[in-house]
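Architecture at a glance
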Amino acid sequence: DEISASLATRWPDAAPTVVDLYDPAVTAERSIRRARAHVPPPPDAVVGRHGQLPVPSDSQDAVFLAFAVHELRHPTQRQALFAELRRILRPGGRVVLVEHCRDAANIAAYGPGAWHFYPRREWLRLAGTAGLRQVAERTMTPFVRALVLQR
């Protein structure tokens, strides 16, 4: 969780729910296990799964996904997550997805490791399949992109 503290500072009156999507049966990479041992989820995080978020339908104004969704390695897992995002968003609610994309800059920086990331078109495909539309996009660094998707 690289953004909860920043979001809390920016929106101190918000009532955030941090959902921990880690499932050792789904995400088996050693790097993820090491990262979790080094920085565990916040104590108030609730456990969720990519196809079952523990959040009521039509209840969220915004959902922030930062540097995590690319760890869902199977297309059906990503599709299930995006369907859940659509379910939990209020009409007009937004998803802010921050990720490295598989593009020229990341390939130059990470070499073959860039294939761990997904191309921008995959994020837009998932959004479209789930009934979300892109309303904004920002290149945050030459390597990081933010997509804003709206229900």
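Preceding this section is the structure that the text describes.
Heads up: these notes are all about the structure in this document. Quick caveat, the model's predicted, so the values are computed rather than measured. (Residues numbered from 1 in each chain as written. Predicted model: local features only at pLDDT ≥ 70, side-chain atom pairs only at ≥ 80, totals over all residues. Heavy atoms only, no water.)

1. Quick word on the packing of aromatic side chains
Tallying each qualifying case throughout the model produces four aromatic pairs. Here the aromatic rings of Tyr-110 and Phe-117 are separated by 5.4 Å at their centres, their planes lie at 80°, and the arrangement is edge-to-face. By relative accessible area, which is 7% here, Phe-117 ends up buried. Between Tyr-118 and Trp-123, the ring centres sit 5.6 Å apart and the planes meet at 90°, which makes this aromatic pair edge-to-face. Of the two residues, Tyr-118 and Trp-123, neither departs from the other in class, the shared state being buried. Counting every residue linked through ring pairs, the aromatic cluster contains Phe-82, Tyr-118 and Trp-123. Over the face of the ring belonging to Tyr-118 we find Arg-78, whose NZ or CZ atom lies 3.9 Å from the ring centre. (Phe/Tyr/Trp six-rings, centres within 6.5 Å; stacked < 30°, edge-to-face > 60°. Buried < 20%, exposed > 50% of the residue type's maximum accessible area, 1.4 Å probe, protein only. Lys NZ or Arg CZ within 6 Å of the ring centre and 35° of its normal.)

2. Considerations on the pairing of strand S3 (residues 60–66)
Inspection of the sheet shows S3 paired to strand S4 (residues 89–100) by six bridges, in the parallel sense. Counted as the bridge partner of Val-63 is Val-95 from S4. One crossover worth recording links S3 to the parallel S4 by way of helix H3 (residues 75–88), and it is right-handed. (Pairing = 2+ DSSP bridges. Helix = DSSP H or I, 4+ residues; strand = E, 2+ residues; numbered from the N terminus. Right-handed = clockwise from strand over helix to strand, strands pointing away.)

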